[in-house]
Amino acid sequence: MNEDLLLEIKNLTVSIQKKNESIPIVKGIDMDLPNGQIVGLVGESGCGKSMTAKSINGILPSVAKVTGGSILWHDSKDKVTDLVTLKEKDLRKRCGQDIAMIFQEPMTSLNPMMRIGDQIREVLRIHKLEKSPSQSREQIIKMLESVGIENPSLRYNSWPHELSGGMRQRVMIAMAMISSPKLLIADEATTALDVTTQAQILKLMKSMCTKSSMSALVITHNMGVVSAICDYVYVMYLGTVMEQAKVSELFSNPLHPYTRGLLSSIPKLSGNPEYLKTIPGNIPVVNKKFPGCEFCIRCSEDVQKCFFENPPLKQVGEDHFVRCHTVSL
Amino acid sequence: MDNSVLLSASHLKKKYRIDRKNSIFAVNDVSLDIFTGETLALVGESGCGKSTLSKILMQIIKPDEGTVSFEGKEISSLSERALRPYISRMQMVFQDPASSLDPRMKIRDIIAEPLKAFKIYGTQAEMNERILELTDMVELKEDCLNRYPHEFSGGQKQRIGIARAIAASPKLLVCDESVSALDVCVQAQILNLLKRLKNQLGLTCLFISHDLSVVSFIADRVCVMKNGAICELAPAEKIYSAPEHEYTKYLLASVYCP
């Protein structure tokens, strides 16, 4: 892929620790995040997409743990740091400064007892980016303005509850962007928003990325969001990458039965069939080792081999990889 | 679709107070007819009053002004007791399948509740038969009846909610954002189920959603709401091919489709 990488995930495994067994939920995924690009990660809930993102900045829930692989952060051409083995203290320094995250629910991720401006200033204070109080106030007001908040100097002193959902998400973005990070992780950042607000926020994220040459990892289950802003996309199912391709390639030529099922499940604005073609069943419960393809139970193709042998990730075109027996080179 | 009006609303108004001085119209002079057998979609951003309107139509809240009539008879002025026979003919499927099912009730009791409340069946055997028929209709297995809601996934819970809503053989089914909390595949499954049931049982459907692509799949007519008022009401094909109101155009432009 691209030579100019920012983050490289190699064979990452995340497991949930239960009494004396460990259940893998992310099963050895590889992912590249090039500088200045927006990468999408899609899949149904429970496929491990949030866990992958959370392992990047080390905020996995206490029951989950990275049990293998590495997350390599390219500081410069020659200097590479593995975020998995990094001490918590050092990782903390990077999170918020180099890596920023936006969450799904803007109300629960803002502190209700703190004014908007003070909350954003906290980022500057903790990462020791503050020069003088008046200067950072100016900087914050400028940032609020650039994320499209009207009357920013008035909003500086607002409380979170005085803002609408879209405004709160804008504040979250301002907070994430104030330290000019190199990587922005958006975990279902627009899922709870209205279509019109979603369109505005996506446009804003895209323009922020191009303006400050920032990379972004966008986690979503909405294929529409992916088509709107991403450059490259990974499709995940039960902790493994099933297909990865450039966005235009994936939508024009989806090869994995799972990707095709996901795409045909979405109703379109016109020309819908009488009934939608969908993937039957639900995501199965994660259980012990299964030798075959994880998706074979719900797959529309009926191939014997799939039950016994897990297919490898095959390259089928430039930057297009598929994990499926039915796809031939 | 025949042309008889099933539910008709005229000049509905509902005001909510914000503080001592100010109040806001959640529903401002709304009149609409729902014809027998059609699916009418109510679309708009959050806060536009679509849920308030549906609750007024369902007689859950009383309007400040205006009337609602069901099959030609005015029902908005009826007492709770006189309203009962009408309520059984209009049922609702809610947005959040987790919080709309009682966690302490078994699935069997959840589905049986409307049957008992409206005293539809005389004997226990008849009722059990109906419950089995309903679980079959929403494509659930028989053994789920003795389990509790927390044992099911979101899509399955929504199926249970649908079974409860159609238990009393309603004429009108109101779906308030019934699929917006679900994953894409499960959403498609539930949409297919709703469409099939509607055709099978001859239901009339009021479908509330903010997702225009979902609406285009299911609706015959679309009603676009903004700030408590209807800004465009037209057949679905017309809304999507030649929207007239500026706001409809704006909504359509905001939808991303792969």
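The coordinates are above.
Keep in mind the model is a prediction, meaning the values are calculated, not measured.

**Overview of the overall build of chain A**
Right, on to step 1. Of regular secondary structure, chain A possesses eleven helices and twelve strands.
Right, on to step 2. Here the C-alpha radius of gyration of chain A, 21 Å, is about what a compact globule of 329 residues would show, namely 20 Å.
Right, on to step 3. Projected onto its principal axes, the C-alpha coordinates of chain A cover approximately 70 × 50 × 40 Å.
Right, on to step 4. Across the 329 residues of chain A, 51% fall into the buried class.

**Some thoughts on the sheet that holds strand S8 (residues 215-220) of chain A**
In sheet architecture, strand pairing relies on hydrogen bonds along the backbone and comes in two forms, parallel and antiparallel.
Residue and element names in this part refer to chain A.
Right, on to step 1. What the eight strands build is an open sheet, ordered S6-S7-S8-S3-S9-S10-S12-S11; its pairing is mixed. Of all the strands in the sheet, the pair left with one neighbour each is strand S6 (99-102) and strand S11 (314-317). Shown here is a sheet whose adjacent strand axes are inclined to one another by a mean of 20°, direction ignored.
Right, on to step 2. With six bridges joining them, strand S9 (residues 232-237) and strand S10 (residues 240-246) adopt antiparallel strand pairing. Its bridge partner being in S10, Tyr-237 is matched across the sheet by Thr-240.
Right, on to step 3. Against the sheet, helix H11 (residues 257-264) touches S9 and S10, its axis set at about 100° to S9.

**Here we look at the environment of Asn57(A)**
Residue and element names in this part refer to chain A.
Right, on to step 1. As for its position among the elements, Asn-57 is in the loop between helix H1 (49-56) and strand S4 (64-74).
Right, on to step 2. Linking Asn-57 and Lys-89, residues 32 residues apart in sequence, is a C-alpha distance of 12 Å.
Right, on to step 3. The residues contacting Asn-57, other than those within four sequence positions of it, are Leu-91, Cys-95, Ile-99 and Met-101.

**Description of the pattern of salt bridges**
Residues and elements named next belong to chain A.
Right, on to step 1. Counted according to the given criterion, the structure contains 23 salt bridges over all chains.
Right, on to step 2. One salt bridge in this structure joins Lys-27 and Glu-294, with 2.9 Å as the shortest N-O distance. In this pair, Lys-27 sits in strand S2 (residues 21-34) while Glu-294 sits in the loop between H11 and S11, placing the two residues 267 residues apart along the sequence.
Right, on to step 3. Overall, Lys-27 belongs to the partly exposed group, its relative accessible area being 24%.
Right, on to step 4. Among the residues examined, Glu-294 registers a relative accessible area of 17% and is labelled buried.
Right, on to step 5. What you see here is one network of salt bridges that share partners, running through Asp-75, Lys-79 and Arg-94.

**Points about the packing of helix H3 (residues 107-117) of chain B against helix H4 (residues 124-137) of chain B**
Residue and element names in this part refer to chain B.
Right, on to step 1. The contact between H3 and H4 brings their axes to 10 Å, and the two run at 120°. Accordingly, the angle class assigned to the pair H3 and H4 is oblique. Crossing of H3 against H4: the hand is right-handed. Residue-level contacts link Arg-108, Ile-111, Ala-112, Leu-115 and Lys-116 of H3 to Met-127, Asn-128, Arg-130, Ile-131, Leu-134 and Thr-135 of H4.

**What to know about helix H1 (residues 50-57) of chain B**
Residues and elements named next belong to chain B.
Right, on to step 1. With six of its eight residues buried, H1 lies for the most part within the structure.
Right, on to step 2. Along H1, the residues that are buried comprise Lys-50, Thr-52, Leu-53, Ser-54, Ile-56 and Leu-57.
Right, on to step 3. Just beyond H1, the residue with positive phi is Gln-59, at close to 65°.

**Quick word on the interface of chain A and chain B**
Right, on to step 1. Across the boundary between the two partners, chain A contributes 34 residues, which contact 32 residues of chain B.
Right, on to step 2. Contact between chain A and chain B buries roughly 2800 Å² in total, counting both sides, with carbon and sulfur atoms accounting for 59%.
Right, on to step 3. On the chain A side of the interface with chain B, the three residues burying the most area are Val195(A), Leu269(A) and Tyr275(A), jointly 23% of the side's total.
Right, on to step 4. Between chain A and chain B we count zero salt bridges in total.
Right, on to step 5. For the pair chain A and chain B, the number of links is twelve residue pairs in polar contact (both at pLDDT 80 or more).
Right, on to step 6. Of all elements in the fold, only helix H8 (195-211), helix H9 (223-229) and H11 of chain A reach the threshold of two or more residues within the side of chain A that touches chain B.
Right, on to step 7. Across the side of chain A that touches chain B, the residue classes tally to 16 nonpolar, 13 polar and five charged.

Each value, and the rule that gives it
Residues numbered from 1 in each chain as written. Chains lettered and ligands numbered in written order. Predicted model: local features only at pLDDT ≥ 70, side-chain atom pairs only at ≥ 80, totals over all residues. Heavy atoms only, no water. Helix = DSSP H or I, 4+ residues; strand = E, 2+ residues; numbered from the N terminus. Rg over C-alpha atoms; globule rule 2.2 N^0.38 Å. Buried < 20%, exposed > 50% of the residue type's maximum accessible area, 1.4 Å probe, protein only. Pairing = 2+ DSSP bridges. Axes fitted to C-alpha atoms, helices over the stretch in contact; angles between N-to-C directions. Contact = heavy atoms within 4.5 Å. Salt bridge = Lys/Arg side-chain N within 4 Å of Asp/Glu carboxyl O. Parallel < 35°, antiparallel > 145°, perpendicular 65-115°, else oblique. Left-handed = near helix turned anticlockwise from the far one by under 90°. Buried area = accessible area lost by both parts, 1.4 Å probe. Polar contact = N/O pair within 3.5 Å; in protein donor to acceptor, adjacent residues only side chain to side chain. Nonpolar A, V, L, I, M, F, W, Y, C, P; charged D, E, K, R; others polar.

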